[in-house]
Amino acid sequence: MRNLGLVAVTATGGFLLISIGCTSKVVETISSIDAGRPAVHAPPPTHAPPPGNVGGSSGSSGSSGSSGSSGSSGSSGSSGSSGSSGTSGGTGTCPTTTPIAASTLPWQNPTAPQTGKCTEAELSAINAKITTAVDDNDLKSAVSTTCAQCIFNDAAGASWAPLPETTAGGSPQPVTVNLGGCYATMTGSNACGKAVQNHFDCAFEACADCADNASLSTCLKAVDSGACATEASAITTSCGAIDKTVMTNADNACQPASATYVYEGPVRVACIAKP
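Residues numbered from 1 in each chain as written. Predicted model: local features only at pLDDT ≥ 70, side-chain atom pairs only at ≥ 80, totals over all residues. Heavy atoms only, no water.

Peer 1: Kindly report on the nonpolar core, identifying the contributing residues and their values.
Peer 2: Of all hydrophobic cores here, the largest spans 37 residues; its most connected members are I151, Y183, M186 and Y263. Looking at this core, the elements that each hand over two or more residues are α1 (120-129), α3 (145-151), α4 (179-187), α5 (190-206), α7 (229-239), α8 (244-254) and α9 (264-272). Sorting elements by how many residues they give to this core places α9 first, with 5 residues. Residues L105, C202, A206 and C207 belong to the second largest nonpolar core, which totals 13 residues. (Core = buried A, V, L, I, M, F, W, Y, C linked by side-chain atoms within 4.5 Å. Buried < 20%, exposed > 50% of the residue type's maximum accessible area, 1.4 Å probe, protein only. Helix = DSSP H or I, 4+ residues; strand = E, 2+ residues; numbered from the N terminus.)

Peer 1: Could you give an account of the side chain of Q255, with specific residues and numbers?
Peer 2: Among the secondary structure elements, Q255 is positioned in the loop between α8 and α9. Side-chain polar atoms of Q255 contact the side chain of Y183, separated by 3.4 Å. (Polar contact = N/O pair within 3.5 Å; in protein donor to acceptor, adjacent residues only side chain to side chain.)

Peer 1: Would you mind going over the sheet that holds strand β5 (residues 173-174) in detail, with residue names and values included?
Peer 2: Taken in spatial order, the 3 strands of this open sheet run β3-β4-β5, and their pairing is mixed. Only two strands of the sheet have a single partner each, and these edge strands are β3 (152-154) and β5. In terms of strand pairing, strand β4 (residues 163-166) meets β5 through 2 bridges, oriented antiparallel. The residue of β5 that forms the bridge with T166 is Q173. (Pairing = 2+ DSSP bridges.)

Peer 1: Can you explain the pairing of β4? Please cite residues and give values.
Peer 2: What you see with β4 is no split at all: L163 and E165 on one side and P164 and T166 on the other are buried throughout. When β3 meets β4, the two strands line up parallel, connected through 3 bridges. From the neighbouring strand, D154 faces β4, where its bridge partner is E165. Between β4 and β5, which follow one another and run antiparallel, lie 6 residues, and G170 among them has a positive phi close to 115 degrees.

Peer 1: Quick one: what's the story with empty space enclosed by the protein, residue by residue and with numbers?
Peer 2: Tallied over the entire structure, the rule returns 1 cavity of 30 Å³ or more. Roughly 80 Å³ of internal volume is contained in the largest cavity. Lining the largest cavity are 13 residues, and of these P110, G181, C182, P266 and A270 sit closest to its centre. Taken together, the residues of the lining of the largest cavity sort by class into 9 nonpolar, 4 polar and no charged. (1 Å grid on protein atoms, 1.4 Å probe; cavity = no way out; pocket = protein on both sides within 12 Å on 5 of 7 lines; lining within 4 Å. Points joined across faces, edges and corners; volume = space filled by probe spheres on them. Nonpolar A, V, L, I, M, F, W, Y, C, P; charged D, E, K, R; others polar.)

Structure representation (structure tokens):
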């Protein structure tokens, strides 16, 4: 399972643009969203990619020649040999042209809603902490233990909370934002939720080598006809038969227009008050 990390992003025209160079690690997985919604009806917000590849290392300098021995007209020292040139950094493909199989993307059915475990004030406290937090422990410290246990859980477990996490890197970090779990809860269809989540995570995977805002924006527009075509089709298959009003309610609850961060809708539905 891949730890997505958390990168601050800004939203423009329905697509998320990365703010490269953010020093806060926890902001690398939790992405912000714009006023429009629609992970189901358009490419969803996605996690920001890591900065581009670094350039190659420089060659070592050559050693200086030894000085000539003195004499009537001492011979000159030989010149030092030049250092070898450095190798250039690699360049990733943005977006990847290789189809991403949904079976390679992590998913667990959502945990049952535990409404009343968190408050709006606690969600606001997490939002305020995002830009300075180093890991999930910093976010958990902003809320009650009861609230933290509702929002975060082990990504390797049998079900997912809004922010499933891993400690594989030492400190707890989310592996994704469980947007699909929110849709599963709101629609009553785990198949629809899985399709939304797979599409969400596929977009991140497909655009992981995009190194700047322009390439990321272009990538997000291209994935549905490329690497994530299967995942896009699965949304139509798994969510298409659900009543339109139910889907609209899910959109409004899981990606509310008033939200700044993708996790806000999932946290409200799972831990504050399911609509």
